[in-house]
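Structural overview
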Amino acid sequence: MAFSGQPRWWILGAALVAVLCTGAGAIDIFLEWHVAFDTTAEPLTLDQPVITINGMFPGPLINATTNDFVNVNVYNDLDEPLLFTWNGIQQRLNSWQDGVSGTNCPILPGTNWTYVFQTKDQIGTFFYFPSINFQKAAGGYGAIRVNNRVVVNVPFPKPETEYDLLIGDWYYDSYKLIRSAMNDPVVAYQAVPDTILMNGKGPYGHPLSISYESFNVTKGKTYRFRLSNVGNTFSLNFRIQNHSMVIVETEGSYTNQITVDSLDVHVGQSYSVLVTADQDEADYYMVATPKMFSVTDSSSLVGIGVLHYSNSLTQVGGPLPAGPDPFDWNFTVIQARSIRWNLTTGAARPNPQGTFNVSNVSLAQTFVLQNSVAEIQGSARYVVNNISYYTLNTPLKLADYFRNGSGIYQLDEYPTRSVNKDAAYGVSVVSGIHKGWLEIVFKNNLDVMDSWHLDGFGFYVVGFGLGDWDEGARAGYNLYDPVVRSTTQVYAGGWTAVYAFLDNPGMWNLRSQQLRNWYLGEELYIRVHDPDPNPAKEQPPPDNLLLCGIFGESGAPIGSPAPAPWSLW
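Residues numbered from 1 in each chain as written. Predicted model: local features only at pLDDT ≥ 70, side-chain atom pairs only at ≥ 80, totals over all residues. Heavy atoms only, no water.

**Describing the environment of Gly205**
- Tracing the backbone shows Gly205 in the loop between β13 (195–198) and β14 (214–217).
- On the basis of relative accessibility, which here comes to 69%, the residue Gly205 falls in the exposed class.
- Each C-alpha atom, one on Gly205 and one on Ser298, is 9.3 Å from the other, the two residues being 93 residues apart in sequence. (Helix = DSSP H or I, 4+ residues; strand = E, 2+ residues; numbered from the N terminus. Buried < 20%, exposed > 50% of the residue type's maximum accessible area, 1.4 Å probe, protein only.)

This is the structure:
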C-alpha cells in the first residue's frame, strides 16, 4: 500500500539503504547483508546454528514500491556456499537474479555478490530465503513488502500500521544434522519438525522458548498483518483469539474481501489480513497449528504469540482458541475456493485486475506432474513423473546462454504427462511456449500435503480436486475470478490445476515448497525462450556474473555421477 508522508529512505538492521531516482517514480534501494551463523539469535534454549542477516533473525525487511530496483550485496560469512531466492518476485526478463541452483552459481564462503532485481509491475506480500544446502531450515529468511504506487488506490482504508508475521516449523536439531539424515530412506520420509516459530521466536509459555512474539494494538484501530508460512513441512492454520480477519491480498493479488476466524497458510504462501482491535482491552492468543497432524494445546508443535492491547492489564491465559479439525478436507478446500481475485480493483496498475482473465484462453500446453517417493541408487528421493531432479555443478542458465544447453542438459527429455518408466535421476528441463498459456496439473500421490511454486510468474489457480485428474475436470474449473498467486497447495491424494501465461522469457524453477521434497528432487525447470529479437528479450547476463561448473576452475566434468542429495555444489 502507499505510505503517504513517509520518507522514501530507511535503515534496515545495520544496513544503510540509499535511494536514487531512476525515472517514472521508481528508485534504487541499496542493501548490504552479512550472512552468518549466530548463536545469540537462537529461538530456543538449544545449541544450534541459526542463519542471521546483519545479526537479525528473521532477516531485514525489504520494503519496496512497484517498479523499484533492489540491490542486495550479500557477504557470505557461512562455512558453505549460499544463494538467496525471492519468493514470488517475478524477475521480469531477468532470471539471472532468481537465486536457485539452476540459474545462479553460489556465493562461496568469504566472498560477496550483489543481486539486482526489479519489483516490476508488482505489489504485495512476499519473502526471501536461502535456497540451497537445506539452509532454510536454519533461518536466513525475511519479509518483502511491495507497496502500491501513490497513483494506484488500495482497496481498503489505510490501517493504523502494518506488521510482518513469518510463521513456520522448526527443528530442534542442527539443519546440518537433518540434512545428513536425508540420504536414509527410513529417516528422510519420517523426519518431523519439532516446534512452530513466529518471527523467529518460540511459542509463548514453552519451557524452551527464549522469547515469544507480541504485537501491540490500540482498541478501535485496524491493522494489516502480512503473513507468510516460511516453514519446511507443515501447512498451518492461523487464528487470533476472539478476533476475525479480513483477507485482502495474497502474493501480489488483491482478493475479494472475506472474513474468516482462521486461515490456512500453506508452505511458501503469503497473505495480507486486516485485524480490527474490537475486543476488551486485554491480551489475546495468536496461534498457528499444523494441518494434517494431531496436536494438543501443550504440544511444542503449537506456535503461540500474543496480541497485546496498549492499555491491557489482563495477561493472556486460559485455553487456546480452537481451530478447525486439521483433517477436515471440506473446510480447507471450501476456504481455498472462496479466495478469489478482486476483479474491480487495480493493483500494480490503475486498470482493474479483471482486465486480465482466463475465461476464453486457448491452452498451448498441458503438464500433468505426479509426485511420489522412490529409492534411487540406495538414496531416498522424491520424484516427479518418476524423475528426481539431478542438481549439476553447472547452472542450467549458464549452459543455456553459453552453449544452448549442449552437453549439460537435453531439452524436453522430461516426460510432462507420462510416468511409465522406472524412477531415475534426470536433469529436468522442459520447453514452455513463449506467450502461450500453460496448464499445469499437480497430482499429489502422497498422504501428506504438498505445495508447489513457480518462479517468474503468477499463475491462476483454477481448480482443486480429490483422486485422479482427467480432461473432464476442466468443466469444474473456476475461469471467472481465480486468484493469481505463485504458490498453491495440493491436497493429499488430490490435484490442483493452474494456468500460467508464459510471457516472461528465462529459465524458471518449478518446485515443491516442502523443503525435504525439493531438496530430494521434486523440481524441474521451464525454459521459456523467444527467438524473435523484437519485442525486447530477456536481459543479458549481469556484469558481475559468477561462473562455476564447466565455466569455472572448480567445475566437475560433464557426465559426473549423480551427487549425494545433500551435496548440491
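**A word on the pairing of strand β35 (residues 523–529)**
- A large share of β35 lies buried, amounting to six of its seven residues.
- Bridge count between strand β27 (residues 429–433) and β35: five bridges; the pairing is parallel. By the bridge assignment, Gly432 is partnered in β35 with Val528. (Pairing = 2+ DSSP bridges.)

**What to know about the packing of aromatic side chains**
- One pass over the structure, following the stated rule, counts 38 aromatic pairs.
- Judged by centre distance (4.8 Å) and plane angle (55 degrees), the rings of Tyr163 and Phe215 are tilted. Here Tyr163 is found in strand β12 (residues 162–170), whereas its partner Phe215 is found in strand β14, with 52 residues between them in sequence. Across this residue pair, the class does not change: Tyr163 and Phe215 are buried.
- Between Tyr204 and Tyr285, the ring centres sit 6.3 Å apart and the planes meet at 70 degrees, which makes this aromatic pair edge-to-face. With Tyr204 in the loop between β13 and β14 and Tyr285 in strand β21 (residues 283–290), this residue pair connects regions lying 81 residues apart in the sequence. (Phe/Tyr/Trp six-rings, centres within 6.5 Å; stacked < 30°, edge-to-face > 60°.)

**A closer look at the state of the cysteines**
- Within the structure shown, the criterion is met by one disulfide.
- Across a sulfur-sulfur distance of 2.1 Å, Cys105 and Cys548 are joined as a disulfide pair. Disulfide Cys105-Cys548: the torsion about the S-S bond is -90 degrees, which places it as left-handed. With Cys105 in the loop between β8 (84–87) and β9 (112–118) and Cys548 in the segment after β35, the pair connects residues that are 443 residues apart, well separated along the chain. (Disulfide = S-S within 2.5 Å.)

**A look at the environment of Val384**
- Among the structural elements, Val384 can be located in strand β24 (residues 379–384).
- Excluding its chain neighbours within four sequence positions, the residues that come into contact with Val384 are Leu369, Gln370, Tyr414, Trp452, Glu522, Glu523 and Leu524. (Contact = heavy atoms within 4.5 Å.)

Fair warning: the whole summary comes from geometry, so function is off the table for now.
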